[in-house]
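Listed below are the residues making up each chain.
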Amino acid sequence: MALGKNSPDYEQIQQNLSNLDLRDRRVQAVIALNPVTSSILGQAGISRIEIPVAIAAGASDTVTPVFLEQIQAFNWLTTKEKYLGIGDKGTHTDLIAGVSNVVLPSSNRFFGFSERNPELGRILFQAFSTAFMKVYLAHQTEYRPFLSASYVKNSNRDQAVKVYLVRSLPPGFPQGLVRK
């Protein structure tokens, strides 16, 4: 039936979803890889997230563009415990292939790391995600140093591909780079 109509009834969709609460109290922390969040949840939904969040993104992602989907969503988060990790040459499939058994065309890369050292990106992500969950789920604060920008920077300083980790962005960033 949907094919017989020209376009979705956005007003009906919004009405149906306006009272929908997707929150699950069992979830205590989230790591999202290349999430499509800005377009789906919007600022109102993202700003209500109260748990620790880590977003991983690739700067060369054309499926979920980093400025539109991850950086904008990161700015909208109001939770104090938030992290944004960006691989400067990473694509959408680099991250997915690095954490799953899915074989993708670029599965020899992770966070944009090429054949020269394909494991480094995977190791960095595993170290970060383990520390993130140890700190926020197991409350083991001795893992907190692994969640710092300096640790990530030092871990990949001699590589052609860089991974950056931030906890905040300048106010208003990246206005003018993203749609409103």
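Residues numbered from 1 in each chain as written. Predicted model: local features only at pLDDT ≥ 70, side-chain atom pairs only at ≥ 80, totals over all residues. Heavy atoms only, no water.

**Student:** Just checking my understanding: could you explain the sheet that holds strand β4 (residues 163-166) for this structure?
**Tutor:** Pairing is mixed in the open sheet, where 4 strands are placed in the order β1-β2-β3-β4. This sheet does not close on itself; its edge strands, each paired only once, are β1 (30-33) and β4. Ignoring which end each strand starts from, the neighbouring axes of this sheet average 15° apart. In the sheet, strand β2 (residues 53-58) pairs with strand β3 (residues 82-87) via 6 bridges, with the strands oriented parallel. (Pairing = 2+ DSSP bridges. Helix = DSSP H or I, 4+ residues; strand = E, 2+ residues; numbered from the N terminus. Axes fitted to C-alpha atoms, helices over the stretch in contact; angles between N-to-C directions.)

**Student:** Looking at this structure, how should I read unusual backbone geometry?
**Tutor:** Leaving glycine aside, a negative phi is the common case for residues, and trans is the common case for peptide bonds. You will see that Asn 34, though not glycine, has its phi angle at about 50°, which is positive. Mapped onto the secondary structure, Asn 34 falls in the loop between β1 and α2 (38-46). Phi is positive for His 139, close to 55°, though the residue is something other than glycine.

**Student:** Even after reading the chapter, I still don't get the nonpolar core, so can you show me in this structure?
**Tutor:** Soluble globular proteins tend to pack their nonpolar side chains together in the buried interior. Formed by 13 residues in total, the largest nonpolar core has its most connected members in Ala 54, Tyr 83, Phe 128, Phe 132, Tyr 136, Leu 147 and Leu 165. If you list the elements that add at least two residues to this core, you get α5 (118-136) and β4. A per-element tally of this core places α5 first, with 6 residues. Among residues more than four places away in sequence, those in contact with Leu 165 are Tyr 83, Leu 84, Gly 85, Phe 128, Leu 147, Ser 148, Ala 149 and Val 152. (Core = buried A, V, L, I, M, F, W, Y, C linked by side-chain atoms within 4.5 Å. Buried < 20%, exposed > 50% of the residue type's maximum accessible area, 1.4 Å probe, protein only. Contact = heavy atoms within 4.5 Å.)

**Student:** Could you clarify how one ought to interpret the packing of aromatic side chains in this entry?
**Tutor:** Any aromatic ring pair is given by two values, namely how distant the centres are and how the planes are angled relative to each other. Tallying each qualifying case throughout the model produces 7 aromatic pairs. Ring centres of Tyr 83 and Phe 132 lie 5.7 Å apart, and the angle between their planes is 85°; this geometry places the pair in the edge-to-face category. On the criterion of sequence distance, the pair formed by Tyr 83 in strand β3 and Phe 132 in helix α5 is long-range, its members being 49 residues apart. Residue classification places Tyr 83 among the buried residues on the basis of a relative accessible area of 1%. Taking relative accessible area as the criterion, Phe 132 reaches 0% and is therefore assigned buried. Considering the side-chain rings of Phe 146 and Tyr 151, the 5.0 Å spacing of their centres and the 90° angle between planes classify their relative orientation as edge-to-face. Joined through ring pairs, the aromatic side chains of Tyr 83, Phe 128, Phe 132 and Tyr 136 make up one cluster. The positively charged end of Lys 82 is found above the aromatic ring belonging to Phe 74, 4.6 Å away from the centroid. Over the face of the ring belonging to Tyr 83 we find Arg 167, whose NZ or CZ atom lies 4.1 Å from the ring centre. (Phe/Tyr/Trp six-rings, centres within 6.5 Å; stacked < 30°, edge-to-face > 60°. Lys NZ or Arg CZ within 6 Å of the ring centre and 35° of its normal.)

**Student:** Honestly, a nonpolar patch on the surface in this entry has me stumped. Any pointers?
**Tutor:** Nonpolar side chains collect at one region of the surface, where Leu 22, Val 36, Ile 40 and Leu 41 lie side by side and expose about 400 Å² of accessible area between them. The topology assignment puts Leu 22 in the loop between α1 (10-17) and β1. Residue Leu 22 is classed as exposed on the basis of its relative accessible area, which comes to 66%. (Patch = residues over 30% accessible without salt bridge, like charges linked within 9 Å, V, L, I, M, F, W, Y side chains within 5 Å. Areas by Shrake-Rupley, 256 points an atom, 1.4 Å probe, with all protein chains shown as cover. Salt bridge = Lys/Arg side-chain N within 4 Å of Asp/Glu carboxyl O.)

**Student:** I tried to follow the pattern of salt bridges on my own but got confused; where do I start?
**Tutor:** Pairs may arise between side chains of opposite charge once their charged atoms sit close together. In the structure shown here, the tally under the stated rule is 4 salt bridges. Where Arg 26 meets Asp 24, a salt bridge forms, and the shortest distance between an N and an O atom there is 2.6 Å. Residue Asp 24 is classed as partly exposed on the basis of its relative accessible area, which comes to 28%. Within this structure, Glu 81, Arg 144 and Arg 167 form a network of salt bridges that share partners.

**Student:** What is the right way to read the packing of α2 against helix α3 (residues 66-76) from this model?
**Tutor:** A pair of packed helices can be characterised by two numbers: the angle between their axes and the separation between those axes. Here α2 crosses α3 at 10°, and the two axes come no closer than 9 Å. Comparing the axis directions of α2 and α3 gives the class roughly parallel. The residues of α3 that touch α2, namely those facing Ser 38, Ser 39, Gly 42, Gln 43 and Ile 46, are Leu 68, Glu 69, Gln 72, Ala 73 and Trp 76. Split into classes, the residues belonging to the contact of α2 with α3 amount to 4 nonpolar, 5 polar and 1 charged. (Parallel < 35°, antiparallel > 145°, perpendicular 65-115°, else oblique. Nonpolar A, V, L, I, M, F, W, Y, C, P; charged D, E, K, R; others polar.)

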